[in-house]
Structure formats: structure tokens, C-alpha cells
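Remarks on the overall topology
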Amino acid sequence: MPEEIETKDDEGLVDPISADPHFDETESRIGIWGHPAHAMTVAFPVALTFCTLGADALYWLTGDAFWARAAVWAAGTAFLFGLAAGLTGTAELLMVPGIRARAAAWTHFVIAVLLLAILGSNWGYRLNGYETAVLPYGILLSGFAVLVVSVTGWHGGKLVFDYRLGTSKGN
Ligand code: HEM
């Protein structure tokens, strides 16, 4: 098999993962007219997570209840759009053989599930009084969420631009 020959190392050993005939088949399957749904949905949770921290900071600075209300809406929509991104990403992971085969894709899944747990907590915590929730725990959760969403988004970009996940029809 040509794939086996290509994946042999200096000692003639074969990597069974990269020898999988579908290893290079990573083309996205979830999309609208070939436009990948995961890439379209991820922008919303990323932006809204940053907005939540911004609104919390402005509430801390001004004491204006408007910002606490803006924060609870931003936190809720970040979580709901995050779930949508999680669903499209999980469908790609399970349906595309070249994505399923790579450990890096599963690492992204684990980081993203942690992120969804933080986003859900940040929203749920605010539902019993959005103003009192901001200081200190709301803003701390928002800061943590910004950190984790940055890692998740950066890692997702690596999957696409370094590993070519979502883009290759295979050999
Ligand atoms: C929870 C399960 C998730 C899984 C299994 C998953 C899986 C993937 C996969 C396989 C890719 C490669 C491109 C593709 O095939 O679509 C990707 C890209 C990406 N992911 Fe996720 N993902 C998940 C959640 C998230 C979340 C919650 C975020 C951020 C809020 C995120 C951010 C990204 C970004 C920014 C990219 C790069 C998109 C691009 O530049 O085209 N992912 N993800």
C-alpha cells in the first residue's frame, strides 16, 4: 500500500494512525453550500465572551445597572452560541474520518467542553440577581472565560491552518 510506504520511519515501523487510508480526508461535511458551519458559528461565542468581560468592567467602573444587564445577556448568548458551535464541531469530529483520527481534534473538543461549562456557569450564576452577581465572582468567571476562549479559538485556528482540518479532500 503506498500510504504504508510513505508513513514508514527510519526503522521501517508504520504509524497505524497516519497509515489509515482516510487520514488525509479532512474536508468539512457540515455547512451551507460547502461553507463550513463551525467556522461560521465560532465567531459569536468568542466575541460575546469578550463583551461579557467588557460589560462587567464597565459596571465595576460606573455602577450603572445597564452594564450588569448587558453582561447577563452577553453571557447567555455566548453560552447558547457556544452550544451551537459545539454541536457543529462535534458533528465534524464524528463524521469526518481524517478529523476523527487526529489527537489534536480531540484535544480541541476537551478544551471546548471546559469552555462551555464556564460559559454556562457564568450565565446561570447571574440569573438569580444579575447586579449582585458581577462583583467579584461574575467578573472573575468572565476573565477565566476570556482566557479559555482565547486558547480554544487559537487552537481551532491551528487545526485549520497547520493541520489543514476541514479543507482537504484527501489523496
Ligand atoms: C465542543 C466541541 C467542538 C469540537 C468537536 C470542535 C472541533 C473543531 C474542528 C474539527 C475544527 C477544524 C475545522 C473544521 O473541521 O470545522 C475546529 C475549528 C475551530 N474551532 Fe472548534 N470545535 C468545538 C467547539 C468550539 C468552540 C466552542 C469554539 C470557540 C468558541 C471553537 C473554535 C474554533 C475555531 C476558532 C476554529 C477555527 C475555524 C476556522 O478558522 O475555520 N470550537 N473545531
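Residues numbered from 1 in each chain as written. Predicted model: local features only at pLDDT ≥ 70, side-chain atom pairs only at ≥ 80, totals over all residues.

An unreviewed UniProt entry annotates the chain as DUF2231 domain-containing protein originating from Cereibacter changlensis JA139.

1. Quick look at the overall build of the chain
Broken down by element type, the chain carries six helices and two strands. Relative to the compact-globule value of 16 Å for 171 residues, the chain shows a C-alpha radius of gyration of 20 Å, a clear excess of over 25%. When the backbone C-alpha atoms are referred to their principal axes, the chain occupies close to 70 × 40 × 20 Å. The buried share of the chain, taken over its 171 residues, is 31%. Taking the intrachain contacts of the chain between residues at least 6 apart in sequence as the baseline, contacts between residues at least 24 apart amount to 73%. (Helix = DSSP H or I, 4+ residues; strand = E, 2+ residues; numbered from the N terminus. Rg over C-alpha atoms; globule rule 2.2 N^0.38 Å. Buried ≥ 20, exposed ≤ 12 C-beta atoms within 10 Å, placed from the backbone. Contact = placed C-beta atoms within 7 Å.)

2. Re the confidence of the model for the chain
In this model, the chain carries an average pLDDT of 93, and 95% of its residues clear a pLDDT of 70 or more. A low-confidence stretch, residues 1-5 (pLDDT under 50), is modelled with four contacts involving residues beyond four sequence positions or located in other chains. (pLDDT = per-residue confidence, 0-100.)

3. Describing the nonpolar core
It is characteristic of soluble globular proteins that their nonpolar side chains tend to be buried jointly. Ranked by internal contacts, the top residues of the largest apolar core, which has 27 residues, are Ala68, Ala71, Ala75, Ala78 and Leu119. Only helix H2 (37-62), helix H3 (65-95), helix H5 (103-126) and helix H6 (134-161) provide two or more residues apiece to this core. Ranked by the residues each element gives to this core, the list is headed by H3, at 10 residues. For alanine 75, the residues in contact, after removing those within four places along its chain, are Thr52, Asn122, Trp123 and Arg126. Of all hydrophobic cores here, the second largest spans five residues; its members include Val96, Ile99, Ala105 and Leu159. (Core = buried A, V, L, I, M, F, W, Y, C linked by C-beta atoms within 7 Å.)

4. Here we look at the site of the ligand
Neighbouring the ligand are 30 residues; Gly86, Gly89, Ala112, Gly156 and Gly166 lie closest to it. Those elements giving two or more residues to the shell around the ligand turn out to be H2, H3, H5 and H6. Taken together, the residues of the shell around the ligand sort by class into 17 nonpolar, 12 polar and one charged. (Near = placed C-beta within 6 Å. Nonpolar A, V, L, I, M, F, W, Y, C, P; charged D, E, K, R; others polar.)

5. A word on the packing of H3 against H5
Helix packing for two helices is described by the angle between their axes and how far apart those axes are. As a packed pair, H3 and H5 sit with axes 9 Å apart at the nearest point and diverge in direction by 155°. Here H3 lies roughly antiparallel to H5, going by the angle between them. For the pair H3 and H5, the crossing hand works out as left-handed. On H5, the residues touching Val72, Ala75, Gly76, Ala78, Phe79, Gly82, Leu83, Gly86, Gly89 and Leu93 of H3 are Ala105, Phe109, Ala112, Leu115, Leu116, Leu119, Gly120, Asn122, Trp123 and Arg126. (Axes fitted to C-alpha atoms, helices over the stretch in contact; angles between N-to-C directions. Parallel < 35°, antiparallel > 145°, perpendicular 65-115°, else oblique. Left-handed = near helix turned anticlockwise from the far one by under 90°.)

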